[in-house]
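A closer look at the structure
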Amino acid sequence: MGIEHNPTLLWFVGAYGVIMIIMGIYYSRKISNSEDFILAGKGLGTIVLTGTLLATWTGSGSISGGETSMAFTYGIIPALMMMIPTLVGIGILYLIAPKIREFGKYTVSGILEEKYGSTARMIASIIIILAFVGIVSYQMTGLGFILNLTTGMSVEVGTIIGAVLIVFLASIGGLRSVAPTDALSAFLAIAALFITLPTIYVIAGGWDGVTNNVPAEHLTATGELNNIQLLGFLLPSLFLLLGDQNMYQRLASSTGGKSAKRAQIGWLIGMLLISPAISFIAFASSSMFPNIDPGMALMATTTVMPTVIGGILLAAATAFIVTTGNSYLLSAATNVTYDIVGKYIKKEASDKQLLGMTKFFIILLGVLSYILIRFFPTVLEVQMYAYTVYGAGLTPALLAVFFWKRVNMAGGVSSMVAGVVTTLIWEILLGKPFELNSVIVALPVAVIVLVVVTLMTSNDRNK
């Protein structure tokens, strides 16, 4: 079955886009300082915080990569397994959330500086920018897919339009405006997915109709992957989530510890609903549209469903993609402003100047994100690169701050350098040998270096 473009669906996407812009402008008028822009004035309640955690984590990584691409390319069981790292990560964050709030920092780099010194802050900022620019880049491609489906315009032109929208919304209101639009997006998406799921299976001929049209390997436990390759897809999301600056900023933005805990429970429940639904919808799509780009699997189903259902799902997908792009772009720009320019170049900058710089760097990093996506053939590939740069480069050293009192500056800094350098060598210089994602090599290297260097350079007083 081929994809027939349905321009009518664009009305739903456009209507939701207008709502997001209006909300963004409205909330942007409530910003009076940097804390309002970056941490929403530490005023996020349980419902909005739940929604923004859900929407930030479930962006194009799930809609175009993650569960969607795994279900299309390797089968339903590997796709369902993509949910496990997220659930484990949310559980661990639940335990350390009070400590995150205690630090009260704008960035993860600020937390690392407390333990490892200013060098760690600079290295961490570079790692975060490298990773987050990658994550923003495939949100732009996700919007390109949507515009291609609805209008027939090329994915490349659609990606440019997506880039402009993401940059605009991120720059006008920061987290103060992003969080409420996130919440609306998350709850709309849950409703849309659960209307879509039974509908698409009826259209596809039921479970038997789907399974008869997919390769036999797609019904096995690992698809066409071996166990090590499968692990290479599961670990990056776990270690990104455990150290994700976006999540740390949101937890620090809550009204208090109770609202943060309730929101994390809501986030866990939401992911138990969203992740399997995406997997099963994309799996049905693989039987109906076997020759499309894997990243388009979920969105392609909107073209064969009743227009209203397809339009709502596409609007929800758009919302997830835009809000995730906004969040990671805002977070990366915060690093440039506070951890590099404000720390080393313009130390006496006023709050107003810092706010202006953050908005400027949102635009600059948005351009870099667009350039980066040209170098990766699929969303899943850039997703695995970005997650591993962050997960191997930052997360071991960051978790050690909370769980290992003995860890020291030498161990933390060495681990960060080792993780990101190993990732870049494996992905770019060596071209991903044995078709293994770099996390299989980079993460163990980062952990081993963290432990060994700490033990070699510490003395009994550090225990």
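Just above sits the structure.
Note that the coordinates shown come from a computational prediction; the quantities given were computed from them, not determined experimentally.

Taken as a whole and judged by the stated rule, the model has eight aromatic pairs. When the ring of tryptophan 57 is compared with that of tyrosine 387, the centres are 6.1 Å apart and the planes differ by 25°; the resulting orientation is stacked. Taken together, the residues tryptophan 57 in helix 3 (residues 46-57) and tyrosine 387 in helix 18 (residues 379-393) connect sequence positions 330 residues apart. Of the two residues, tryptophan 57 and tyrosine 387, neither departs from the other in class, the shared state being buried. Ring geometry for tyrosine 74 and phenylalanine 233: centres 5.7 Å apart, planes at 50°, overall tilted. Highlighted residues: tyrosine 74 in the loop between helix 5 (66-73) and helix 6 (76-81) and phenylalanine 233 in helix 12 (residues 227-243), separated in sequence by 159 residues. The pair tyrosine 74 / phenylalanine 233 is uniform in exposure class, with both members buried.

Here the structure, examined in full by the defined rule, presents two salt bridges. A salt bridge links arginine 121 to glutamate 113; the shortest N-O distance between them is 2.6 Å. In terms of burial, arginine 121 and glutamate 113 fall into one category: buried. A salt bridge links aspartate 339 to arginine 121; its shortest N-O distance comes to 2.5 Å.

So, about helix 8 (residues 108-116). Within helix 8, seven of the nine residues are buried, which leaves it mostly tucked inside the rest of the structure. Backbone geometry just after helix 8 places glycine 117 at a positive phi near 95°.

Attention now goes to the packing of helix 16 (residues 307-345) against helix 17 (residues 351-372). Any two packed helices are characterised by how steeply their axes cross, that is the angle between the axes, and by the distance between the axes. Contact geometry of helix 16 with helix 17 gives a least axis separation of 8 Å together with a crossing angle of 125°. By the angle between their directions, the pair helix 16 and helix 17 is classed as oblique. When you trace helix 16 past helix 17, the crossing you get is right-handed. Contacts between helix 16 and helix 17 pair Leu329, Leu330, Ala332, Ala333, Thr334, Val336, Thr337, Tyr338, Val341 and Gly342 from the former with Leu354, Met357, Thr358, Phe361, Ile362, Leu365 and Gly366 from the latter. Here the residues of the contact of helix 16 with helix 17 are counted per class, giving 12 nonpolar, five polar and no charged.

Core analysis: the biggest nonpolar cluster contains 146 residues, and Leu112, Tyr116, Tyr248, Trp267, Leu394 and Met416 have the highest contact counts within it. Per-element tally for this core: the top contributor is helix 16, with 18 residues. Residues contacting tyrosine 116, with those up to four places away along its chain left out, are Ala397, Ala400, Val401, Val407, Asn408, Met409, Gly412 and Val413.

Reading guide: rules and limits
- Residues numbered from 1 in each chain as written.
- Predicted model: local features only at pLDDT ≥ 70, side-chain atom pairs only at ≥ 80, totals over all residues.
- Heavy atoms only, no water.
- Phe/Tyr/Trp six-rings, centres within 6.5 Å; stacked < 30°, edge-to-face > 60°.
- Helix = DSSP H or I, 4+ residues; strand = E, 2+ residues; numbered from the N terminus.
- Buried < 20%, exposed > 50% of the residue type's maximum accessible area, 1.4 Å probe, protein only.
- Salt bridge = Lys/Arg side-chain N within 4 Å of Asp/Glu carboxyl O.
- Axes fitted to C-alpha atoms, helices over the stretch in contact; angles between N-to-C directions.
- Parallel < 35°, antiparallel > 145°, perpendicular 65-115°, else oblique.
- Left-handed = near helix turned anticlockwise from the far one by under 90°.
- Contact = heavy atoms within 4.5 Å.
- Nonpolar A, V, L, I, M, F, W, Y, C, P; charged D, E, K, R; others polar.
- Core = buried A, V, L, I, M, F, W, Y, C linked by side-chain atoms within 4.5 Å.

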